[in-house]
Each structure stands twice: as C-alpha cells, then as structure tokens.
Amino acid sequence: MKRPYLLPATALLAALGLFAACASPPAPETPAPADTAFTIAVIPDTQNYLDFTHQTAEGFPFDASELFLEQMAYIAENLESEGGEIAFVTSLGDVWQHQTLEMDPEHAARGFRKVPNPILDSHFAPTDKVKTVEMPKAHEGFSLIAGKTPFSVVPGNHDYDAMWTDSKFPPKAMTPAEVDPADIAGSLGVLHPGGLDNFRSVFGAETAFFKGQPWYVASHDGGADSAQIFEAGGYRFLHIGLQFDPPNDTLAWAASVIETHKGLPTIISTHDYLSKEGKRVPNAIIDGNAVDPIHNTPEMVWEKLISQHDQIFLVLCGHQHGQAWRVDENANGNKVWQVLADYQDRNQTLKATGFKSDWPVGIGDGWMRLMTFDFGAATPVLKVQTYSTHYDQLSRELAEYADWYKAGEQPQLSDDAFHNTDDYTLALEDFRARFDGAARITN
C-alpha cells in the first residue's frame, strides 16, 4: 500500500541518458489530465499508543507510541504536497489517554461532584505524565504533517483536563466480576470530562500548527471547535471539527461557519456520534448530556445541525469501539453519509509478545482509514479502506483479519461481511447536483 517515490519525468530521462540526446524539437505540450481523485486520512482514537503506561520506560513490551509515529510518518510521506494522494487529515479525538486534574475549576464551581469508582479510578487517575510523555509525543507526531497539509484535530473525552465519575451516576459494581453487561452504565457509573487547557496548548487556534494558516478559516472555544477549507479533486471543501458532545453554542458557531461558506460540500468530524450498531447514541458510560444537559447527544446533533444544513454530506467519528456506517436523508431530502471507525481495542501486536494482563489492554495495531474520493466517473464514488501501517496491509488483504478482530467487534457477522465493514464503496449520487455550482473549481 505504501506508494513508491516516483522521479519527475525530466529527472528520469536524464538518469537514462536520454534527455540531452534528444535532437528533435520538443513536441507541443498537452494538458495534463485533470486530477479527479484524492484521499482523506482519518486517524481514529490513538490514546493507547500514547498512554505513558504503554511504553518500555514503564515496563511495557514495546513503545506503543512508535505505532502512532509510524502512522503519522506514512501520512506525511503520502501527502499531495509530497507527490502523494492525501489532501486532508482528520484526527477523531482521544489523542492521548490521561488527565491532569480531578475536576476542572468550571465544573467544580457549578457544583459537580466526583464519587469513588473502585474499577475505573485506577485507569483514569490524574498524572503529570500526560504533559511530560503523552502530549509531547502527540505534538511530535503531528509536527510531521504541520505546514504540509490542511488538517484537523478534535478533542475526545480523554483529551480533556479531567474525567471523573459523576455523583449523579455512582457505580454499583465494586469489582470487575460484578459488572453487569446488560447495565454497563449502572455497573461502572457515568464519567464526565471537563476543561480543555491541555488540548488548547497542543491543538488550539493560537498554536503554531494553525495560527496564520490560510486554510484554517475559523475557530471557537479556543480551537476546541475549528474549521478548515481544502481544495482537491476539482472541488473546494469545508471541514468542521466539533468538540465532544458539542454544546449549543458550538452548534450555533458551526451553523454560522456554514453560512459564511455557502455551497461548499461540508465534512463534519466529531468524537462521539455512532455506535458500532450504526445508531446515533452515546456511549453509556460517558454520556455528556445525561450528566450536564448543556451538551448534546448524537441524535440531537443530527436534529439541530447536521440534518438542517444541506451542505453537510459526510460525518466522521470514533470513540465507540468498532466500525459502522449509515446514510440518512437530511431535511432537504439529500443524503448524509455517517461513518464510524475506532480500532483502539485491537491488540494483536501485543499478543505477539506474550503479554498477559488481568485487564484487557488495547493498542490499535496501526489501523487507520483511507477514504478516497474519485470524481472521474459520472457518479462520484467514495472508496473506504482500512490500512495498518504496522502490518503494511489493507484489511481486505490480511488473511488473519477476521480471525484477529471479528469476535471482539462484530461477532454476529460472517467473515466476508466483517471485511465489508472496513472496505466498501459509497456512490455519491447527488453530489454533483448539490455542489457543482458553488464548489467546483473552474480555473
């Protein structure tokens, strides 16, 4: 899957000794064929790569952060600016794992309270190693693409300064054996995140990643919400990144950005939106709206924003472990494709070391999404593929793929159907009618 480096034509001729030897006058230049295809690289939850406990310094079998850096290096090597096909990069949140505070000052001032959680507290204990290990490694990875391509990073719940078990939803289970699979939220309690100072320090609107970049066209809440414009495949696209369980002011801001950039095909990235069953429901143990009603559930985001703006044709999300997609008609009767990808539970790379743990440890195994748009045909298509930079293979090509991952993600599916959740083509039938007027690049 890795694309070989191709010499420019003139360099290739010179290397063969043919360029200078050509005595005949140069032939008239013919226009290069239109570039009608491009790829968006989609990076789902990377927290298990960057988790400080998943590094050799903490006794882990390998530095999991190297898998993250491999992903970012692959993307950097295959950007359009480097002669490749990737025109835009979107990270779906949960970039790192841990938090630095028990509770952020704003929520504490509003009267929120934390309760003990015998099962989860050890996994989400605040630590300064977020700032000394996890956040610097995230910065290192995204520095590989900075200045070379438009990109977006949205905050997932793990990227907030604090994440606590809220007093309104205390856990019933005191040990893992007491967890009721039919009542996960009741057993484990409901978590809530707060504070974005850490996220803004790495990915905020005023950071060197984004400040002054012409393609970074708008931001809100210090960059927790952001908007980018990129050109590819003969069209101009608008991308909007929304924070976790976005509140009403975020949705109002997003609507204003769409109004400012009328007619552009719009992609939304947000952390929590689809379950692996393809439903617009929150993860039960971290339901922002249940704990704090200023936040919107995925269905509310659909009803208030996505379905109401005809420019939005694609929604990307992570957070809920697995993969799914669905298509719905918006208020104008046009299609909105909604796509989930989250591979954080995958741990074949760890199993190969013989590592044993009482608690399941996910890594991610280098899997990410490559979404290729092709506008060369009468009906544009979006080819969705899943690729591991660790195994250097597409999911469809890896013989062990279903054996390794199906049981933990989609056990009800056949092997072929499971492959189809990570490798499929969507026909964008109404794209040209919706967007050829305002978004088509004609010069």
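Residues numbered from 1 in each chain as written. Predicted model: local features only at pLDDT ≥ 70, side-chain atom pairs only at ≥ 80, totals over all residues. Heavy atoms only, no water.

## A look at the sheet that holds strand β10 (residues 312–318)
Our working rule: What makes two strands pair is DSSP finding at least two bridges between them. For helices the rule is a DSSP run of H or I covering at least 4 residues; for strands it is a run of E covering at least 2, with both sets numbered from the N terminus onward. Comment: axis = line fitted to C-alpha atoms, over the contacting stretch for helices; angle = value between 0 and 180 degrees taken between N-to-C directions. Here, residues are in contact when the closest pair of their heavy atoms is within 4.5 Å.
One open sheet accounts for 7 strands, arranged β6-β7-β8-β9-β10-β12-β11; its pairing is mixed. The two strands at the open ends of the sheet, each matched to only one other strand, are β6 (216–220) and β11 (322–329). Mean inter-strand twist for the sheet, computed between neighbouring axes without regard to direction, equals 15°. Examined bridge by bridge, strand β9 (residues 266–272) and β10 share 5 bridges and lie parallel to one another. If you follow D272 over to β10, its bridge partner there is G318. Where helix α14 (residues 431–439) meets the sheet, its contacts fall on β8 (235–242), β10 and β12 (335–342), and the angle it forms with β8 comes to roughly 105°.

## Brief notes about helix α5 (residues 129–143)
Stated formally: Working rule for helices: expected span equals 1.5 Å times residues minus one. Think of it this way: the bend at a residue is just the angle between two axes, each fitted to seven residues, one set ending at that residue and the other starting at it. Whether a residue is buried, partly exposed or exposed follows from its accessible area with a 1.4 Å probe, protein chains only, as a fraction of its type maximum: under 20%, in between, or over 50%, in that order.
Taking 1.5 Å per residue, 15 residues should reach 21 Å; α5 reaches 20 Å between its end C-alpha atoms and fits that length. Of all the bends in α5, the largest measures some 30° and sits at M135, one to four residues before the proline P136. Of all the positions in α5, only V130, E134, M135, A138, G141 and F142 are classed as buried. Buried residues along α5 sit in contact with β1 (37–43), α2 (47–50), α3 (65–77), β2 (86–91), β3 (151–153) and α7 (197–203).

## Considerations on the pattern of salt bridges
Rules: Should a side-chain nitrogen of Lys or Arg be within 4 Å of a carboxyl oxygen of Asp or Glu, the pair is scored as a salt bridge.
What the rule picks out here adds up to 25 salt bridges. Its salt-bridge partner being R280, residue E299 comes within 2.9 Å of it at the nearest N-O pair. Here E299 is found in helix α10 (residues 298–304), whereas its partner R280 is found in the loop between β9 and α9 (288–291), with 19 residues between them in sequence. Judged by its relative accessible area of 26%, E299 is partly exposed. One salt-bridge network, in which partners are shared between bridges, spans R280, E299, R326 and D328.

## Quick word on unusual backbone geometry
Positioned with a positive phi, D94 is a non-glycine residue whose angle comes to about 50°. Its location among the elements puts D94 in the loop between β2 and α4 (105–109). You can call D94 buried: its relative accessible area is 1%. Unusually for a residue other than glycine, D365 sits at a positive phi of about 60°. Looking at where D365 falls in the secondary structure, it is placed in the loop between α11 (348–351) and β13 (367–374). The class for D365 is buried, based on a relative accessible area of 0%.

## Some words on the packing of aromatic side chains
Inclusion rule: Only centres within 6.5 Å qualify two rings of Phe, Tyr or Trp (six-membered ring in Trp) as a pair; their planes then separate them into stacked at under 30 degrees, edge-to-face at over 60, and tilted for everything else. In this scheme, Lys NZ or Arg CZ marks a charge over a ring once it lies within 6 Å of the ring centre and within 35 degrees of the ring normal.
Applying the stated criterion across every chain, the model contains 44 aromatic pairs. A ring pair is formed by F237 and F431, whose centres lie 6.2 Å apart and whose planes are at 35°; its orientation type is tilted. Taken together, the residues F237 in strand β8 and F431 in helix α14 connect sequence positions 194 residues apart. Aromatic ring contacts, followed pair by pair, group F38, F88, F230, Y235, F237, F313, F373, F375, F431 and F435 into a single cluster. Taking NZ or CZ as reference, R346 lies 4.1 Å from the ring centre of Y405, over its face.

## Quick word on the nonpolar core
Definition in use: Among buried residues, those of type Ala, Val, Leu, Ile, Met, Phe, Trp, Tyr and Cys that are joined through side-chain atoms within 4.5 Å constitute a nonpolar core.
Within the largest apolar cluster, 54 residues are counted, with the highest numbers of intra-cluster contacts made by I75, V89, F142, I145, F151 and F203. Those elements that place two or more of their residues in this core are β1, α2, α3, β2, α5, β3, α7 and β13. Top contributing element to this core by residue count: α3, with 7 residues. Not counting residues up to four positions away in its chain, the partners in contact with I75 are A41, I43, I86, V89, I145 and M368. By size, the runner-up hydrophobic cluster in this structure holds 52 residues, among which are A87, I229, L264 and I267.

## Digging into the pairing of strand β16 (residues 424–427)
Only one face of β16 is buried: it carries Y424 and L426, and the other face, with T425 and A427, is open. With 4 bridges connecting them, strand β14 (residues 381–388) and β16 associate as antiparallel partners. Paired with V384 across the two strands is Y424, which belongs to β16.

## Re the pairing of strand β7 (residues 225–232)
Two faces, one strand: in a regular strand the side chains alternate between the faces of the sheet. The element β7 is extensively covered by neighbouring structure, given that 7 of its 8 residues are classed as buried. The pairing of β6 with β7 spans 4 bridges and is antiparallel. Looking at β7, one finds that A218 is bridged to A227. Hairpin geometry of β6 and β7 is characterised by an intervening segment of 4 residues between the two adjacent antiparallel strands and by a positive phi of about 55° at D221. Across 7 bridges, the pairing between β7 and β8 is antiparallel. Bridging across to β8, Q228 finds its partner in H239.

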